[in-house]
Amino acid sequence: MRVLNFLFALLAASLSFNAYAVSCDQPLQLGGDTGWTGWGNGHSNTRAAVEGISSEDIATLELRWAFGFPGVGSVIGNPVVHENTVFIGVDSGDVYAIDADTACVYWSFKAASGVRTAPALALINSRQMLFFGDRAANVYAVDASSGALIWQVEVDNHPAAILTGSPQFVHLQNASAPDRLLVPVSSSEEGIAAVPTYACCTFRGSVVSLDANSGEKLWQSYTIATAPAETETNKFGPSGAAIWSPPTIDLAKNRFYVTTGDAYSAPADSATDAVMAMDLESGVILWHTQGTADDIWTVKCMTPAAPEECGPDQDYGSPAMLVTTNDRSLLIAGQKSGNVRGFNPDTGEELWRTALVENTDEFGGKIVWGGASDGEKVYFGIGTGGIHAIDITEGEIAWSTPLEPTADMARHAGQDGPLTVSEDLVISGGWDGMLRILSAADGRELWNYNTAISFTTINGETAKGGSMGAAGPVIAGRRLLVPSGYVGVKNGMPGNVLLMFAPATR
C-alpha cells in the first residue's frame, strides 16, 4: 500500500492547498481496472461514464486539488485515468503520470513537441504501454509504470503533418500483427497557406496503422485517394481532409470511422468535410458521406488577400459517436455548420439531420470539439452558446438550454469544448471558463464553478484556469477531472491547470 508523507495526509484531511506535490513515494503499480480510456472513454467515443457522479452528488461536490503545468498557456491534452493514475499530455510536450488522490507525480516524459492527444493505454505481453502523439507527427510508446521510452516513430513526413486526434489501440485476433494502433494524421498547412509565397497545398489526411509492439508501419490510408499535383503556378491540389479527432471503432464489424476537415485547395475532393468508414485490418475505404461540398478554406481566407473560392469552413472537428438503441446502431456526428447527422454505419446513408442553429450555411464554429451520448440522447454544445439534447431514434430535439456568460465574459461565449455524460448529468466546460453541470433529463443547470481564476496549486506552480476547448471534463469513478485554459483560434483565455473535484462519500 502506498505510504503517504505527512504533508499529503494533512492535505487529504483538511483539503487545504498549502502542501507542494512531490514525486510519489513508491513506483507506479498498474493493475487491470480502467477509469476513463482514451479521448472518448472507449472505442465508441460517446464520452459517457456509466458509473460516476450523479445528481445525488451535486450538493457535496467540491474541489479537492489543483495541479499547475509549468511553461503552458493552453491545456490541450485530454486526461485518461487508469485505476488511481491520471495520464495527461500538455502543450509543452510534457506527459505526466499523476496520482488521482494526492497529485504526487509518478513520472514525466518530454516529447519533442506539444502533446494534444489523449494517451492510449494497453496491456501487451504483460506490460502496460502508453501511446501518444505530438505536434511533430511523432508517436511514442512508453512504459506506463515508469515513463521509459519503448519506441518512437514519425508517422508522416509531410512538413506540416501534426497529430491532434488521439490514437486508438485495437487487438485483432488471428491477424499477423494483432496489437495495433490507429493514428489519425492532421496538418498545420491550413495556417501556413496564409504565407503569400507558400505553394498551397500538398497535405492529405490519413490514418496510419502501427504495430503496437514495435512501432512498425503496417499501412497508411489517405482520405483523398488522388495525390496532389500542380494545378497552376505555385498551386497544388487536391489537398486537405485532415483528421482532427480519434477514430471510432466497431470491432464487431471489423471497421472504423473517421471524420475529415475541409479542403485547402482546388479541386475540393468529396472526401473533405466527410464521415468515412475504413476496413480495420487493411485501411481500405468502404464509404464516405460529405457534409459540405466545395469547402476550400485556409487562414488566408481571413486576410485581405483572401481568394474568391473561400468556403464556410464547415469541417468535422470532432469524432462520430457509435450508439446502439432499439437494437439498431447509428453513427452520429456534429459538424461545424451546426448540423447533427445520424448515419447508417453500414452504408453511410444519412438517416436524419438536425440543425442546432438557424443558419447552417454561414461560417462554421457552431459544433467544434464534440458531444456525448448516454444511449438515449446525444448532447452537443454550440459555439454561439447553449447545449442541446437530441433523441437518437428520430433526431428530434429533446431540450435546449441557452447559456449566457456574465457581462464581463461576453466576448467568451459558447460551449465549444467536448461534453461528458455521467449517469443523469451532462457536464460542460465553457469558453467563459465556467464549468457547468446540467440535468440530462431536462437541461436544467444544477451546478457551476468558475475555473477562470488563479489557484493555489498542490505542486507549487503558479496557475490559473481559462477558456475550455479541446480538452473536456473526465469522469473516473467519483472523481471529476477538468483541464482549464485554452487559447485556440478564438483568442480564448490562457490557463495551465488541472482540477480534481469529488463529492462526499455516499
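Look up a bit, the structure's there.
Residue numbers here run from 1 along each chain, matching the order of that chain's written sequence. Under the rules for a predicted model, residues below a pLDDT of 70 receive no local features and side-chain atom pairs below 80 are neither given nor counted, while totals for whole chains, interfaces and linings still include all residues. Remark: hydrogens and water are excluded; side-chain values derive from all non-hydrogen atoms of the structure.

Regarding the pairing of strand β23 (residues 328–334)
Keep this limit in mind: Burial classes: relative accessible area under 20% of the type maximum marks a residue as buried, over 50% as exposed, and values in between as partly exposed (1.4 Å probe, protein chains only). Numbering of helices and strands runs from the N terminus, with a helix taken as a DSSP run of H or I at least four residues long and a strand as a DSSP run of E at least two residues long. Two strands pair under a simple rule: DSSP has to find at least two bridges between them.
Summarising burial for β23: five of the seven residues are buried, a large majority. Once strand β22 (residues 321–325) ends, the chain turns through two residues before running back antiparallel as β23, passing asparagine 326 with a positive phi of about 50°. One ladder, built from four bridges, connects β23 with strand β24 (residues 339–343); its direction is antiparallel. Directly across from alanine 333, in β24, lies its bridge partner arginine 341. Taken together, β23 and the strand that follows it, β24, pair antiparallel across an intervening segment of four residues, in which glycine 338 is found at a positive phi of about 100°.

Describing the sheet that holds strand β25 (residues 350–355)
Just so we agree on the cut-off: Only the contacting stretch of a helix is used when fitting its axis, a line to C-alpha atoms as for every element, and angles between N-to-C directions run 0 to 180 degrees.
With antiparallel pairing, four strands are arranged side by side in an open sheet as β22-β23-β24-β25. Since the sheet does not close on itself, it has two edges, and those belong to β22 and β25, each with one partner. On average, each strand axis in the sheet is inclined to that of its neighbour by 25°, with strand direction left out of account. Looking at chain direction, β22 and β23 are connected through five bridges and run antiparallel. The residue bridging leucine 322 from the neighbouring strand is leucine 331, located in β23.

Examining the environment of alanine 271
Spelled out, the test is: Contact definition: two residues touch when any of their heavy atoms are within 4.5 Å.
Structurally, the position occupied by alanine 271 is in the loop between β19 (255–259) and β20 (274–279). Once the C-alpha coordinates of alanine 271 and cysteine 104 are considered, the two residues, 167 residues apart in sequence, prove to be 45 Å apart. Once you skip the residues sitting within four places of it in the chain, alanine 271 turns out to touch Thr223, Ile224, Ala241, Thr260, Met276 and His288.

Points about the packing of aromatic side chains
Keep this limit in mind: Note on ring pairs: Phe, Tyr and Trp rings are taken, using the six-membered ring of Trp, and paired if centres are within 6.5 Å. Classes follow the plane angle, with under 30 degrees stacked, over 60 edge-to-face and the rest tilted. Two thresholds decide whether a charge sits over a ring: the Lys NZ or Arg CZ must be within 6 Å of the ring centre and within 35 degrees of the ring normal.
Scanning the model with the defined rule gives 18 aromatic pairs in all. Taking 5.8 Å as the distance between ring centres and 70° as the angle between the ring planes, the aromatic pair formed by phenylalanine 67 and tyrosine 96 counts as edge-to-face. Here tyrosine 96 lies in strand β5 (residues 94–99) and phenylalanine 67 lies in strand β2 (residues 62–68), a separation of 29 residues in the sequence. For the pair formed by phenylalanine 67 and tyrosine 96, the shared burial category is buried. Ring centres of tryptophan 431 and tyrosine 486 lie 6.0 Å apart, and the angle between their planes is 75°; this geometry places the pair in the edge-to-face category. With tryptophan 431 in the loop between β31 (425–429) and β32 (434–439) and tyrosine 486 in the loop between β37 (479–484) and β38 (497–502), the pair connects residues that are 55 residues apart, well separated along the chain. Residues tryptophan 431 and tyrosine 486 agree in their burial class; the two are buried. Aromatic rings pair up to connect Phe67, Phe69 and Tyr96 into one cluster. Its guanidinium or amino end placed over the ring of tryptophan 431, lysine 490 lies 5.0 Å from that ring's centre, counting from NZ or CZ.

Points about unusual backbone geometry
Going from cysteine 200 to cysteine 201, the amide bond is cis rather than trans, its omega being 0°. Locating cysteine 201 in the fold gives a position in the loop between α2 (189–192) and β14 (206–211). The peptide bond linking alanine 266 to proline 267 adopts the cis configuration, its omega dihedral lying at 0°. Among the secondary structure elements, proline 267 is positioned in the loop between β19 and β20.

Points about the sheet that holds strand β28 (residues 387–391)
As summarised here, the arrangement of the four strands in space is β26-β27-β28-β29, forming an open sheet in which the pairing is antiparallel. On the outer flanks of this sheet lie β26 (372–373) and β29 (397–401), each paired with one strand and no other. Examined bridge by bridge, β28 and β29 share four bridges and lie antiparallel to one another. Note that in β29 the partner of isoleucine 387 across the bridge is threonine 401.

Quick word on the pairing of β2
Two faces belong to every sheet, and in a regular strand the side chains alternate between them. Burial runs high along β2: five of the seven residues are buried. The pairing of β2 with β38 spans six bridges and is antiparallel. Counted as the bridge partner of glutamate 62 is alanine 502 from β38.

With respect to the nonpolar core
Inclusion rule: What makes a nonpolar core is a set of buried Ala, Val, Leu, Ile, Met, Phe, Trp, Tyr and Cys residues whose side-chain atoms join them at distances within 4.5 Å.
Of all hydrophobic cores here, the largest spans 42 residues; its most connected members are Phe67, Phe69, Leu480 and Phe501. Elements represented by at least two residues in this core include exactly β2, β4 (85–89), β5, β31, β32, β36 (474–476), β37 and β38. At six residues, β38 tops the list of elements feeding residues into this core. Residues in contact with leucine 480, not counting those within four places in the same chain, are Ile53, Leu61, Ile427, Leu435, Pro473, Val474, Ile475, Leu499, Met500 and Phe501.

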